[in-house]
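Residues per chain are reported as follows:
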Amino acid sequence: MNVITGKVWKFGDNIDTDLIIAARYLNTSDPHELAKHVMEDADPDFVKKMQPGDIIVAGENFGCGSSREHAPIALKAAGVSAVVAKSFARIFYRNAFNMGLPIFELEETDKIDEGDLISIEMDQGNIVDLNRKLTYKFQPIPEFMQELLACGGLINYAKAEMLKKERV
């Protein structure tokens, strides 16, 4: 899980949680049902076009708006392997890690094009554009946050920690 590779889908600035998963679908918390409608209001055909493992690359303030956890849940359930953006709304940032969705801040997202194949090297803090043979540096995420991702989110991490304590 320390390297994530996928095809890029581009979105702009201020992609709010209502664009990620519209409020009209929040009558369910079923991740598979939410996944059918992810990014629908930003790109109606996104779910039909994307493949599991693809990566969203966006501008500033990704995940702004409400604090709903449904947004990272829907992205992850749809098969989005990571989101790279210039910046994230702080509540979305924490919700993403809590749900096990890898996200990375990178100032140079404008230099990556839709359709590019990128590789995110979490430990090294590199994003490699495999089409252009360019490498961009980001601040590696803290080890604890990587542990949350490796466990699939905060709940799974807490369960694993409880099991460790029970064995002692």
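In short, a report on the structure. (Residues numbered from 1 in each chain as written. Predicted model: local features only at pLDDT ≥ 70, side-chain atom pairs only at ≥ 80, totals over all residues. Heavy atoms only, no water.)

Description of the overall build of the protein chain
- A tally of helices and strands in the protein chain yields seven helices and seven strands.
- A compact globule built from 168 residues would reach a C-alpha radius of gyration of about 15 Å, and the protein chain, at 16 Å, matches this within 12%.
- Considering only C-alpha atoms, the protein chain reaches an extent of 50 × 40 × 25 Å along its principal axes.
- Looking at the protein chain as a whole, 46% of its 168 residues qualify as buried. (Helix = DSSP H or I, 4+ residues; strand = E, 2+ residues; numbered from the N terminus. Rg over C-alpha atoms; globule rule 2.2 N^0.38 Å. Buried < 20%, exposed > 50% of the residue type's maximum accessible area, 1.4 Å probe, protein only.)

Describing the packing of aromatic side chains
- For the coordinates displayed, the defined rule picks out nine aromatic pairs.
- Here the aromatic rings of Trp9 and Phe46 are separated by 5.9 Å at their centres, their planes lie at 85 degrees, and the arrangement is edge-to-face. Highlighted residues: Trp9 in strand β1 (residues 3–10) and Phe46 in helix α3 (residues 46–49), separated in sequence by 37 residues. Phe46 shares its class with Trp9; the two are buried.
- Taken together, Phe62, Phe88, Phe92, Tyr93 and Phe97 form an aromatic cluster joined through their ring pairs.
- Taking the ring centre of Tyr93 as reference, the NZ or CZ of Arg90 above it sits at 4.8 Å. (Phe/Tyr/Trp six-rings, centres within 6.5 Å; stacked < 30°, edge-to-face > 60°. Lys NZ or Arg CZ within 6 Å of the ring centre and 35° of its normal.)

So, unusual backbone geometry
- Within the chain, Met39 stands out as a residue other than glycine whose phi angle is a positive 60 degrees.
- Among the secondary structure elements, Met39 is positioned in the loop between α2 (31–35) and α3.
- Note on Met39: relative accessible area 0%, which makes it buried.
- Positive phi is not limited to glycine here, since Asn61 has a value of about 65 degrees.
- Mapped onto the secondary structure, Asn61 falls in the loop between β2 (55–58) and α4 (70–78).

Describing the packing of helix α6 (residues 143–151) against helix α7 (residues 154–167)
- One way to put it is that α6 packs onto α7 with a least axis distance of 7 Å and a crossing angle of 95 degrees. In this view, α6 runs roughly perpendicular relative to α7, as classed from their interaxial angle. Residues Phe144, Glu147, Leu148 and Cys151 of α6 lie in contact with α7, whose contacting residues are Leu154, Asn156 and Tyr157.
- Class assignment for the residues of the contact of α6 with α7 results in five nonpolar, one polar and one charged. (Axes fitted to C-alpha atoms, helices over the stretch in contact; angles between N-to-C directions. Parallel < 35°, antiparallel > 145°, perpendicular 65-115°, else oblique. Contact = heavy atoms within 4.5 Å. Nonpolar A, V, L, I, M, F, W, Y, C, P; charged D, E, K, R; others polar.)

Some thoughts on the pairing of β1
- Pairing between β1 and strand β5 (residues 117–121): five bridges, direction antiparallel. Bridge pairing links Thr5 to Ser119 in β5.
- With three bridges connecting them, β1 and β2 associate as parallel partners. Across the sheet, Lys10 pairs through a bridge with Val57, a residue of β2. (Pairing = 2+ DSSP bridges.)

Section: the side chain of Arg68
- Here Arg68 lies in the loop between β2 and α4.
- In this structure the side chain of Arg68 is engaged in a polar contact, spanning 3.3 Å, whose partner is the side chain of Asp18.
- At 3.1 Å, the side chain of Arg68 forms a polar contact with the backbone oxygen of Ile21.
- Sequence-distant contacts of Arg68, that is, excluding residues within four places in its chain, are made with Thr17, Asp18, Ile21, Ala22, Ala23, Leu26 and Asn95. (Polar contact = N/O pair within 3.5 Å; in protein donor to acceptor, adjacent residues only side chain to side chain.)

Here's the deal with the sheet that holds strand β4 (residues 103–105)
- An order of β4-β3-β2-β1-β5-β6-β7 is seen for the seven strands of this open sheet, with the pairing classed as mixed. The sheet is open, and its two edges are formed by β4 and β7 (134–137), each paired on a single side. Averaged over all adjacent pairs, the angle separating strand axes in this sheet is 30 degrees, with direction ignored.
- Where β5 lies against strand β6 (residues 126–129), four bridges are found, and the strand directions are antiparallel. Considered in β6, the bridge of Ile118 is made with Asp129.

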